[in-house]
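What follows is the residue order along each chain.
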Amino acid sequence: MAITQDSAPPISDRERRQRVVIRFAGDSGDGMQLAGARFTDASAAFGNDLATLPNFPAEIRAPAGTLAGVSAFQIHIAGGDILTPGDAPDVLVAMNPAALKKNLDDVMPGGVIVINTDSFEERNLAKAGYETDPREDGTLDGYNVLAAPMDELTKEAVKDSGVQGREVLRSKNFFALGALAWMFDRPQETTLDWVAEKFAAKPEVLAANTAAFKAGYNYGITTEAFAHSTFEVPAADLPPGEYTNVVGNQTIAWGLIAGAQAAGIPLFYASYPITPASDVLHELARHKNFGIKTFQAEDEIAAVGLALGAAFVGHLGVTGTSGPGVALKSETISLALMAELPLIILNVQRGGPSTGLPTKTEQSDLMMSIHGRHGDAPLPVIAASSPGDAFDAAIEACRIAIKYMTPVILLSDGYIGTSSEPWLLPDSANLPSFPTSFATHIEGKEFMPYLRDPETLARPWAVPGTPGLEHRVGGLEKDQLTGDVSYDPINHEVMTLLREQKVAAVANDIPDIEVEDDADAELLVVGWGSTYSATRAGVNNTRLEGYKVAHIHLRHLHPFANNLGEVLARYPKVLVPELNRGQLSRLLRAEFLVPAISFSKVQGLPFKAAEIKDKIIETLEMP
Amino acid sequence: MTIAYTRQDFQSDQEVRWCPGCGDYTILASVQLFMADAGIPKENVVFVSGIGCAARFPYYMETFGMHSVHGRAPAIATGIAAARPELSVWVVSGDGDALSIGGNHLIHALRRNVNIKILLFNNQIYGLTKGQYSPTSEAGKRTKSSPMGSLDHPFNPVSLALGAEATFVARTLDMDRTHTIEMLTAAHQHQGSAFIEIYQNCNVFNDKAFIELTAKESRDENQIRLVQGEKVLFDGGKKGVALEEGRAFIVDVEQYGEDVVHTHDATVDDPATAFALSRLAHGPHGPTPLGIFRNVERPAYDDDMERQIADATEAKGPGDLASVLRTNATWTVD
Ligand SMILES: Cc1ncc(C[n+]2csc(CCOP(=O)(O)OP(=O)(O)O)c2C)c(N)n1
Ligand code: SF4
Ligand SMILES: [Mg+2]
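Remember, predicted model here, so these are calculated numbers, not experimental data.

Caption draft 1: Up close: the overall build of chain A. Per the secondary structure count, chain A includes 20 helices and 22 strands. Expressed as lengths along the three principal axes of its C-alpha atoms, the size of chain A is roughly 90 × 65 × 45 Å. Considering chain A as a whole, with its 623 residues, one finds that 62% of them fall into the buried category. A separation of at least 24 residues holds for 77% of the contacts in chain A among residues at least 6 apart in sequence. When the accessible area of chain A is evaluated, it comes to approximately 23,200 Å², of which 52% is carbon and sulfur surface.

Caption draft 2: Geometry of a positive patch on the surface. All names here are of chain A. A cluster of basic residues, Arg61, Arg166, Arg170, Lys198 and Lys202, forms a positive patch on the protein surface. Summarising the element assignment, arginine 170 is placed in the loop between helix H4 (150-158) and helix H5 (172-183). For arginine 170, a relative accessible area of 54% corresponds to the exposed category.

Caption draft 3: Geometry of the domain arrangement of chain A. All names here are of chain A. Per the domain assignment, the segments of chain A are domain 1 (13-232), domain 2 (244-430) and domain 3 (516-621). With 14 residues of domain 1 at the interface, the matching set in domain 2 holds 10 residues. Both sides together, the interface formed by domain 1 and domain 2 hides about 870 Å², and carbon and sulfur atoms give 56% of it. Inspection of the domain 1/domain 2 interface yields 0 salt bridges. Counting across the interface, domain 1 meets domain 2 through 2 residue pairs in polar contact (both at pLDDT 80 or more). Broken down by secondary-structure element, the contributors of at least two residues to the side of domain 1 that touches domain 2 are helix H1 (32-46) and strand S3 (49-55).

Caption draft 4: Examining unusual backbone geometry more closely. Residues and elements named next belong to chain A. With omega at 0 degrees, the peptide bond leading from threonine 275 into proline 276 counts as cis. Tracing the chain through its elements places proline 276 in the loop between strand S10 (267-271) and helix H10 (278-285). Of note, the bond from histidine 558 into proline 559 is cis; its omega dihedral lies within 30 degrees of zero at -10 degrees.

Caption draft 5: Region of the structure containing the site of ligand 1. Lining the immediate surroundings of ligand 1 are 17 residues, of which Cys53, Asp95, Asp97, Gly127 and Leu128 of chain B lie closest. At the site occupied by ligand 1, nearby residues are drawn from chains A and B. A distance of 2.8 Å separates an oxygen atom of ligand 1 from a polar atom in the backbone of cysteine 53 of chain B. Here aspartate 95 of chain B contributes a side-chain N or O atom positioned 2.8 Å from an oxygen atom of ligand 1. Contact with the protein chains hides 77% of the accessible area of ligand 1, taken as 580 Å² for the molecule alone. Looking at side-chain class alone, the shell around ligand 1 contains 7 nonpolar, 7 polar and 3 charged residues.

Caption draft 6: Spotlight on the interface of chain B and chain A. Taken together, the contact between chain B and chain A spans 61 residues of the former and 72 residues of the latter. In total, about 5,400 Å² of surface goes out of reach between chain B and chain A, with carbon and sulfur atoms giving 61% of it. Broken down residue by residue, the surface that chain B buries against chain A is led by Phe64, Leu325 and Trp331 of chain B, which jointly contribute 15%. One salt bridge in this structure joins glutamate 62 of chain B and arginine 472 of chain A, with 3.0 Å as the shortest N-O distance. At the junction of chain B and chain A, the tally comes to 29 residue pairs in polar contact (both at pLDDT 80 or more). Elements represented by at least two residues in the side of chain B that touches chain A include exactly strand S2 (64-67), helix H2 (73-83), helix H4 (103-112), helix H11 (301-316), helix H12 (321-324) and strand S12 (330-333) of chain B. Examining the composition of the side of chain B that touches chain A, we find that 8 residues originate from one element, H11 of chain B, more than from any other. Class assignment of the residues belonging to the side of chain B that touches chain A gives a composition of 26 nonpolar, 21 polar and 14 charged. Relative to S2 of chain B, strand S17 (residues 472-474) of chain A runs parallel, the two sharing 3 bridges.

Caption draft 7: Structural context of the sheet that holds strand S16 (residues 420-424) of chain A. Taken in spatial order, the 3 strands of this open sheet run S16(A)-S9(A)-S12(B), and their pairing is antiparallel. Either end of the sheet is taken by a strand with one partner, and the two such strands are S16 of chain A together with S12 of chain B. Taking each pair of neighbouring strands and ignoring which way they run, the sheet shows an average axis angle of 35 degrees. Strands strand S9 (241-247) and S16 of chain A of the sheet are contacted by helix H14 (residues 387-404) of chain A, whose axis makes an angle of about 60 degrees with S16 of chain A.

About the cut-offs
- Residue indices begin from 1 for each chain and proceed along its sequence in written order.
- Chain A is the first chain written and ligand 1 is the first ligand written, with later ones labelled in order.
- pLDDT decides what is reported in this predicted model: residues at 70 or higher carry local features, side-chain atom pairs at 80 or more are listed and counted, and totals for whole chains, interfaces and linings draw on all residues regardless.
- With hydrogens and water excluded, all non-hydrogen atoms of the structure serve as input to the side-chain values.
- Helix and strand assignments come from DSSP, with helices taken as H or I runs of at least 4 residues and strands as E runs of at least 2, each series counted from the N terminus.
- Partly exposed residues are those whose accessible area sits between 20% and 50% of the maximum for their type, while under 20% is buried and over 50% is exposed, using a 1.4 Å probe and protein chains only.
- Only heavy atoms matter for contacts: two residues are in contact if any of them lie within 4.5 Å across the pair.
- Shrake-Rupley sampling with a 1.4 Å probe provides the accessible areas, and residues are treated as covered by the protein chains on show and by no other component.
- For patch building, the residue pool is restricted to those with more than 30% relative accessible area and no salt bridge; the joining distance is 9 Å between like charges and 5 Å between nonpolar side chains (Val, Leu, Ile, Met, Phe, Trp, Tyr).
- Any carboxyl oxygen of Asp or Glu that lies within 4 Å of a side-chain nitrogen of Lys or Arg is treated as forming a salt bridge with it.
- Positive residues here are Lys and Arg, negative ones are Asp and Glu, while His and the chain termini are left out of the count.
- Where a charge lies is defined by one atom per residue type, namely NZ (Lys), CZ (Arg), CG (Asp) and CD (Glu).
- Bear in mind that the domain bounds are from an automatic or database domain assignment.
- Values labelled buried area give the accessible surface lost by two parts on being combined, using a 1.4 Å probe and summing over both.
- Pairing of N or O atoms within 3.5 Å defines a polar contact, subject to two protein rules: one partner must be a possible hydrogen donor and the other a possible acceptor, and residues neighboring in sequence count only if both atoms are side-chain atoms.
- We call a residue near a molecule or strand whenever a single non-hydrogen atom of that residue lies within 4 Å of it.
- Charged residues are taken to be Asp, Glu, Lys and Arg, nonpolar residues to be Ala, Val, Leu, Ile, Met, Phe, Trp, Tyr, Cys and Pro, and polar residues to be all remaining types, Gly included.
- Strands were regarded as paired on the criterion that DSSP finds at least two bridges between them.
- Fitted lines through C-alpha atoms serve as axes, helices being fitted only where they are in contact, and the angles separating the N-to-C directions of these axes extend from 0 to 180 degrees.

Okay, structure coming up:
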């Protein structure tokens, strides 16, 4: 598809910006997630660095035109290394009054607002809670408003495509996308090729979307207001290599595949649908040709049971869910711990408690992961810190589960799961390898299912099909050697301590914390999980203003890295930003007796870099 | 090749700790005798149980085993069978375990037709927790938790399994080893999930619950044996079971003749007749059918799962991680 470069103004007319944040907002039926995803791909193809954040309502279809029904997608594109989807949008696309009302407060002063004027009629204004038309009452003073009658222009554009009735206006997101593609000089073919492939089976829809996209693009060229609001965001100077744009629910699934391959055993993934974890199930279900077995169970209790059953017979058993599902799985996780079988429990966290904010992000299941079981029941807890990192975190969870014969909780969250970033593809030839060694024969007179490896304290993994190794596992306390049921008081204490020591020993097998340090920093910022991007950016921005700050980010939440206590002790102030009410800060205080200061946010949204920066400065300036 | 095993080969070195006289002992013996004859390599046998007196069973079997979580054995066993279809997977469960806390897993395991064999030791009481009424206890039962009589209407486990469209449903009695072994053998030969309700006497908390079926003086008039291809006759041929308008009822053969008596066929796909037979007795009071109610063919879940993997591999070739990582658009930075 050729781009009509001749009609575009010379590049130098475009306003050069190092970074721009764009938010697409509209009714959930307006296709804003799709528009955002397409803009993302085009930006990746263009060569920008980028980060995205979808924000959609919990209801599949909230009443049209209402504030509750607004769905948004934010993308940050830049010419340099960026970490977050951006704090405040420079450009807002508002497809209806509700989208404007809900998002206007976030827009940068002087920002660009693209609106679909056709939707600004009385009923929609009323549904959004506007008493007067914001286009006329001064609400939009100080913004650069680009208004287009998108309904009318879309209808006109698609009239020969063959789509009928309500289908016609479905293409208006492509109109908006076309206009934005013009404004930001995005390659048209990335989007048009995608449309051609996606709608190959529906020629009318293909034609309509193509026509609407081109109409939007041409509208940008020919309409004066748009023509003077064009930007050039240069391609980023990323480390060389092959990149792809990924969301965390994909990478974590791929990491599990890589983990199973590293271990040389089949992957068995059992799950019950739940937002925002379902996409991991969907992704793995597509890859049966790896020998992967995916199982949609009747509930979360069944799912963890299935995964544990698969683990007992030598598969890599994984169960994925979100907070409410982990609550249901808790009893079986304790059984896995008691039976000392490898098992991975993936928790893509969301806002809680209860159904809470199912489509929004939070980190409030950390305490549950570490302590949320009956009995003294320690297990390793690992957290992914970004969509790309989720791949490595998943592999690490597999490694530890198998090596130490233990259930492992792998934490992600809605933000990591659904947001995207460019990811430097790993070299498949150099992925980790940790072949599983099953017990194959009896050492000595009879099989001792609880005879431990002296170094890891792991018991042997003896699977059905191995003659002579028949044995029983179960929830009742076991004799420390024979594995027979034992009610002996001393044995129970020995076993409780052994289970604890085994998990504690994982600390010797993980890297020490490396500090991103400023010499003589007064303050250490401690992050974990998805706050990585905002804390990193917040710390960097604070340093640019001359403050001295150190930063660490934890992958291993239990056990902690061996040097963590010593690192914490080096700094007079320790600040712990978290999307919960201070769970990690409490763990650090309890474990290391440091006066960690909690910085908590529980709005279902990630931190903004500016919030972190302000808090760092405030904390530094505290007496 | 059949492997020569004896019962001893399936006895673990653990001391059996059920109360003396408990029906569980007899069932254990039947299962071990069956296993010795069945010729399944011992290392391929897995027993999974939940929690309860019955659920101690795996500890006493010299096979692979897991004593798991209350009610969840069918789910765990499903994971085992789905992961490794070549294994012989058995679930041992109690009436509380399978029908109360684990009712959901039971019906889903049955409808899926996973290759697991579920043995429900029904003593109509919670044994391990010392005698509360269970989901199969008769209404009005007085126990420590129901001093004025239980208000619960009980389940009929066979009706429930048939309602879940189980492909194999049978009932037997702990005391009758021959019949128990016959049922175990048929369940083993069946493709997919099999459900056997075993009436099991808990002599401590619910003694003589099945006395009408077991006592010398009453058993003939109360045991209705369902035998494939044969007329459903009992009480020395004096009585039989007839079907009319989808309902089963007992007829006096001397009065109406054998022609009206139903000929049993468990292989009929429509479960209606099997269900009607299951309604003859609600709890073992009075004439109660024993034997195989339903035994029909349907593809087993685990086999279908393997087939999908084979189909996907044939269509797409073996999995290649490098290409999966490139699912989305890629670009190169030099
Ligand atoms: C989650 C949980 N709740 C309750 C119990 C206590 N409990 C153990 S066995 C049992 C009932 C057992 O009855 P049944 O399944 O009929 O087995 P039986 O002992 O009669 O063989 C109960 C309530 C438990 N172990 N776990
Ligand atoms: S309590 Fe009842 S079921 Fe349990 S072992 Fe004793 S007799 Fe058997
Ligand atoms: Mg019972």
